Structures are given as structure tokens and as C-alpha cells.
Amino acid sequence: MRAACWISSLSLLTISVVPPGMAEQSLRQKVLEEMRASRPADLVVLETRELGRPSMLGIFAIEVDSADPDLRRYKLWRESSENLIIPTESVSCSRTEPMRVTRDQSAIYLQRLNPGGLVTAANRENHLVWWAACEPKLAGKDPSGLTEQAKALGFSTLQVESQEVLRLPSQ
């Protein structure tokens, strides 16, 4: 009985010594580590970065739409040292209007792409994701070097890239 009281007292002392924010942070780190350890089996790593903090972008669960064979749905795996985000997105693999569709809490973003065209820091992720979803055998390859593959697939490589933002109503 005394041992049980002593252990309970020690637990209470430990809890009172660890600030609530640290306990929360420790729990968050533990959950993130568990999530990283249970990456999906079909996850394809598209890009890793080590600039300041390590981060990784991957794609998994790619599905072809049953009504539109040019449409793909997929999940992204955005992993960093302090967070893991898994959004569901889609792309159009259409030869006439290739596009990536993303969203956040306030808007839907339609990003029209030019497969095989100029890849910059601003559109690199769009191209990485588009190629991985539409042409999985090229997933993770540098999209700036895929001009010949794009032409072989029927893309002009001369399409104008643009973004359209559709604002969602406030909730």
C-alpha cells in the first residue's frame, strides 16, 4: 500500500514539474514519430529537402476516376520535423488542359500546367505531383528534364500556366 502511495506521489510530482506545454509537445512528437513509422506501403517520395529543417513530399493512394479516365485523386504526404499533413487532391491528366486542383479552408486553387515546359521554384511542386499522379513511372524524377517524355505523350510543352482561385463562402 505504501509503495502504491509513493508511486502515485512520484507521478504527481513529475506531472507538476513538467510544464503543460512540454507535455503537449512531447505527446505531439510521439504521435508524429508513430505516423512517420507507419508510412503507407504505396508512398512514393517525390522530394526531400534539408534547408534548415528536413521535409519530405510524397504521394500515395492514386486512383483513376471511374467517370473520367483523365482525372486522378491522390493523397499527399507532407512531412516535416514539426508536422505531418495529408491532404486529398486531384489532377487532370488531359492533353488539352492539364491541371492540379488543391484547396485550403478559404479557397479552391485551379493550377493549369504545361507538362514538359519551364519548371521554376514557384511551379515545381505542381509538376512533381502532376507527373507522379498522371505518369507514375516518372514519379520523383526532376520535372525540368521531362520535356521529351511530355512531347511523346502528346503535350505541346507550350501551354500557358495559370492559377485560378475560387473563394469559398465564409462559415
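Coordinates for the structure precede this section.
Cut-offs used in this document
- Residues numbered from 1 in each chain as written.
- Predicted model: local features only at pLDDT ≥ 70, side-chain atom pairs only at ≥ 80, totals over all residues.
- Heavy atoms only, no water.
- 1 Å grid on protein atoms, 1.4 Å probe; cavity = no way out; pocket = protein on both sides within 12 Å on 5 of 7 lines; lining within 4 Å.
- Points joined across faces, edges and corners; volume = space filled by probe spheres on them.
- Helix = DSSP H or I, 4+ residues; strand = E, 2+ residues; numbered from the N terminus.
- Nonpolar A, V, L, I, M, F, W, Y, C, P; charged D, E, K, R; others polar.
- Phe/Tyr/Trp six-rings, centres within 6.5 Å; stacked < 30°, edge-to-face > 60°.
- Buried < 20%, exposed > 50% of the residue type's maximum accessible area, 1.4 Å probe, protein only.
- Pairing = 2+ DSSP bridges.
- Contact = heavy atoms within 4.5 Å.

Enquirer: Any details on the layout of surface pockets? Residues and values, ideally.
Expert: One way to see where empty space is left: roll a probe the size of a water molecule over the atoms. Estimated volume of the largest pocket: approximately 170 Å³. For the largest pocket, the full set of lining residues is Glu47, Thr48, Arg49, Ser55, Met56, Leu57, Arg78, Glu79, Ser80, Asn83, Ile85 and Glu125. Where the lining of the largest pocket is concerned, the elements lending two or more residues are strand S1 (44-49), strand S2 (55-64) and strand S3 (71-80). Of the residues assigned to the lining of the largest pocket, the class counts are three nonpolar, four polar and five charged.

Enquirer: How would you sum up the packing of aromatic side chains? Please name residues and give values.
Expert: Under the counting rule described, the total for this entry stands at three aromatic pairs. With centroids separated by 5.3 Å and ring planes inclined at 80°, the aromatic side chains of Trp130 and Phe155 adopt a geometry described as edge-to-face. One end of the pair, Trp130, is in helix H3 (residues 124-134); the other, Phe155, is in the loop between helix H4 (147-152) and strand S8 (162-167), and 25 residues separate them in sequence. Classification of Trp130 by relative accessible area gives buried; the value is 1%. For Phe155, a relative accessible area of 3% corresponds to the buried category.

Enquirer: Could you give an account of the pairing of strand S7 (residues 107-112), with specific residues and numbers?
Expert: The sheet contact formed by strand S6 (residues 99-103) and S7 spans five bridges and is antiparallel. Within S7, the residue paired with Thr102 across the bridge is Tyr109. Here S7 pairs with S8 via six bridges, running antiparallel. Bridging across to S8, Ala107 finds its partner in Arg167.

Enquirer: Any chance you could break down the side chain of Thr102 for me, citing the residues and the numbers?
Expert: You can see Thr102 is positioned in strand S6. Overall, the relative accessible area of 13% leaves Thr102 in the buried class. Apart from the residues within four sequence positions on either side, Thr102 is in contact with Glu89, Ala107, Ile108, Tyr109 and Gln111.

Note that every value here comes from positions in space, so none of it alone points to a role or purpose.
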